[in-house]
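Here is how the chains run, residue by residue.
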Amino acid sequence: MIFKELILKDFLSFKGLNRITFPNVSESKSSLVLVLAANNSGKTNIIRALRFLLYGDFLGHYKDPYKLINDGTLNEAKSNIEAWVQATLIDNNKPLTFRRRIQAIKVGNNYKVISNNSLDKIIHGPKGDKYETDGGRIERNLRWLVPEGLFDYFYFQGEELGRQLMEGSGKMSIEKGLSMLLHKDDWKRAIENVTAVRGKFAQDLMNLVSSNKEYQRILQSSETFKLKEKQCKDDLEKALSEKKQTERAFSDISDKIIELSKGGPSQALAELLKKRQNEWRVNSREIDNLDGRICKVTGDSKGIPFLAAAFDTAKEVLEKMQAENLLPADITEGFVERLLKRQKCICGRSLHPVADRNECKHVEEYRDRSLSADVNAGLLALLNSLETSAKHGYKKRITDIAKLLSELTVRRQQCIVKQHDLNQEIQDIEQQLSDPIFGEITKLVQKQRELSNRRLEIRNKIQGLERAMQEIKRIVADHEEKLRKLARDSDISKIKDLTQYKDYAQKIEELINASLKMLQRSFHETMQESVKEYYDRVVTDGTRAYIDPDSLLPAIMSPQGEVRKNIGGGQLQLLVLSHIISLCQLRRVLHEQLSEIGVGVGKLDDQSFFLDSIFAPADDVYAKDVANFLHGKARQVLLLLASQQWHDSVRNAIEPYVDKAYQFLYHTANPKRTEEEYIVKFKNKDIPLLKLIADNNKGNHCAYSIIKEIK
Amino acid sequence: MKNEKFKLQTFLSKQPQNIQNLFIKVVNLHAAYQMNPLSKKELLGRIRNEIEQAAKKEVD
């Protein structure tokens, strides 16, 4: 339903004649009309006026419908008062203008409604407009164009529609509206009626053959088995559908597991492993470094620390040895042994000839010196010439060396302990990484296992049902053969005819039933694919759009595969808009395809959308996405926005696509905010949304709005 | 949205021609676009008539 014009006269908050003209757009293009209004200036009244126009809804004023007339107009009226809402639609490329009005007269201080709810068609002619009271045709057409259950769907306030869609509630169930819009209701009625006709054929047949007891017995038995066959077929359909859903869920979880194993927690663990392995390498280098330093200190000490304890004894021994002309190399047994052993440090550590080149050099130097007769002689000379103070100097050096060696050894020990801990931790991480039953993956695997068991159960059930079906079909065919023979024998041509009619009715009933199920599956697949296409690529929390296979209502699926309906804010707005757009596209495809097979549905492809306050509950993150999303998705969109929602990100996203803009100029003597706060920017111009009027001491009840085009 | 053909068309095309025709006639009798819908009694009568005609045509 595409609007050309909408006019409101003295209706609710709108005083006088207020008009919104929609831009002409071709079928393949889309148009966006923006309405900017202050809070409480009657934005939602546009949508309420439309509900009044389409369905004659008194918007809660059933006892006193005159309240639909503007307060100011009522106060100023002297006798007759009239308010109306008029629209011009494009119906089959021709304009269709209609008006619903309400008339009242003033009686004393009260008002009496003299005509309400009447819908007139307006015929434009050269001599002026003619009014033709609708006999029900336009009313029916309007209800068909926009089923009342789907009114909120096309002309909606963001949050309210979100709630209805998620709960499947609404004034008239939204699920019922969807069923109507997609013609499912018509097909269900067709099945019911064909079943009734088949029943009538069966009854007539029964009456005819009542005299033939055998025929009757077989016929009754045949009917019973046919019912069983139908039941069995339905159960089989359900089981197959459940199998498909289970397989889809199984496949989704498999994808998720693959996705998780690519990144997420295992990636964090891999990074930790890398870090610990680096630490292990650094620590290992530190141990090598300390080893080198210990060797160097030992080498540089020239054996002094080993002689410290034997300082005085050595002097005595060396003096004795010198007297006896012996070498002093056997001061301690272990020391001498280590000293003589090649490729070993004097501390006992094995030395690598290449890796420990420098250390080897120091140790060799030490060996050469400590084992040389010159050094021993020199040492003896040194010892002989030592004064007490000199002895202290050596002792200090010895203490320093011992202290340094001790520090280096302690640090080496610490490094070795750390190395051990790191080894342990690295082993643990490697174990976790190689373990498939881990964290989130474990849960998913568990769920997958449950699904696998369920799949097996369903498969067994299907096999059982298929076997039962085959058996029932065999019995039914057997019965029919017997019935044919009996009918031939009794030569009752009427029985033959009725049997054939009944069979035809059954075939048609089954065909419509199967076609409806097929359509339902196509609707679901198409909606699921389309909503996902719009929703999944915008959201950032890993959720996916989910469409219920039966009701076609939307929900979301968490990364763990749980279906959730408790969402809000911008995410909900996005899901709702995706659902609306997808449904309209589905309807268009359906109409094209039903027309191709010869099922008449009329051409009702296009739909206008009036969206009221869709950014109010939206998160800032999503506001821009929602704004961007709107462009080009529907042929006609009217966007009603409060000044507070017209913030920079929304303005930048929407402004370039606005084809026409209107403002509600709110007339009041008692504004709730300062005049500056009623100014909005549009295309770099300041647009005032407030006009102060003189206070008539009657409070705020005579405040009103007028609609003005922003040029 | 991909403008793929619903499987319905393929499914229907596999049915005998007289059943296809009867199917379309019966479904069209229920199409909501009709501005002057039939009463329940009239509707059942029309369905019965269509079924009888289709069955007779097959015999002929």
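Our subject is the structure listed above.
The notes below deal with the structure included here. Note that the coordinates shown come from a computational prediction; the quantities given were computed from them, not determined experimentally.

A word on the overall build of chain B
- Counting its regular elements, chain B contains 3 helices and 0 strands.
- When the helices and strands of chain B are placed in sequence order, the string is α-α-α.
- Expressed as a percentage of its 60 residues, the buried residues of chain B come to 22%.

Concerning the sheet that holds strand β9 (residues 544-547) of chain A
All names here are of chain A.
- With antiparallel pairing, 3 strands are arranged side by side in an open sheet as β9-β10-β11. Both edges of this open sheet fall to β9 and β11 (563-564), since each of them pairs with a single strand only.
- Pairing of β9 with strand β10 (residues 554-557) involves 4 bridges; the strand directions are antiparallel. Residue pairing for β10: Y546 is matched across the bridge by A555.
- Sheet contacts for helix α17 (residues 493-535): β9 and β10; angle to β9, the most-contacted strand, approximately 160°.

Considerations on the interface of chain A and chain B
- Taken together, the 38 residues of chain A in the interface contact 30 residues of chain B.
- Elements represented by at least two residues in the side of chain A that touches chain B include exactly α3 (137-145), α7 (184-208), α17 and α18 (569-597) of chain A.
- For the side of chain A that touches chain B, the leading source of residues is α17 of chain A, giving 14 residues.
- For the side of chain A that touches chain B, the residue count by class is 18 nonpolar, 13 polar and 7 charged.

A word on unusual backbone geometry
All names here are of chain A.
- You will see that L12, though not glycine, has its phi angle at about 50°, which is positive.
- Within the element layout of this structure, L12 appears in the loop between β1 (2-9) and β2 (17-21).
- For L12, a count of 23 C-beta atoms within 10 Å corresponds to the buried category.
- Non-glycine residue N684 carries a positive phi angle of around 65°.

Remarks on the environment of R100 of chain A
All names here are of chain A.
- Secondary-structure assignment places R100 in strand β5 (residues 94-107).
- Residue R100 is classed as buried on the basis of its 25 C-beta neighbours within 10 Å.
- Considering only alpha carbons, one finds R100 and A49, 51 residues apart in sequence, at a separation of 9.8 Å.
- In contact with R100, other than residues within four places in its own chain, are F52, L53, G56, W84, V85, N117, S118 and L119.

Comments concerning the pairing of β10 of chain A
Residue and element names in this part refer to chain A.
- Residue alternation in β10 divides its side chains into a buried set, P554 and I556, and an unburied set, A555 and M557.
- Of the pairings in the sheet, the one linking β10 to β11 comprises 2 bridges and is antiparallel in character. If you follow I556 over to β11, its bridge partner there is R564.
- Counting the residues between successive antiparallel strands, the hairpin from β10 to β11 contains 5 residues, one of them, G561, with a positive phi of roughly 90°.

Some points on the packing of α7 of chain A against α17 of chain A
All names here are of chain A.
- At a closest axis distance of 9 Å, the pairing of α7 and α17 adopts a crossing angle of 160°. By the angle between their directions, the pair α7 and α17 is classed as roughly antiparallel. Judged by the twist between their axes, the crossing of α7 over α17 is left-handed.
- Grouping the amino acids of the contact of α7 with α17 by side-chain chemistry returns 16 nonpolar, 4 polar and 7 charged.

So, how was this worked out
- Residues numbered from 1 in each chain as written.
- Chains lettered and ligands numbered in written order.
- Predicted model: local features only at pLDDT ≥ 70, side-chain atom pairs only at ≥ 80, totals over all residues.
- Helix = DSSP H or I, 4+ residues; strand = E, 2+ residues; numbered from the N terminus.
- Buried ≥ 20, exposed ≤ 12 C-beta atoms within 10 Å, placed from the backbone.
- Pairing = 2+ DSSP bridges.
- Contact = placed C-beta atoms within 7 Å.
- Axes fitted to C-alpha atoms, helices over the stretch in contact; angles between N-to-C directions.
- Nonpolar A, V, L, I, M, F, W, Y, C, P; charged D, E, K, R; others polar.
- Parallel < 35°, antiparallel > 145°, perpendicular 65-115°, else oblique.
- Left-handed = near helix turned anticlockwise from the far one by under 90°.

It is worth stressing that arrangement in space is one thing and function is another; only the former is reported here.
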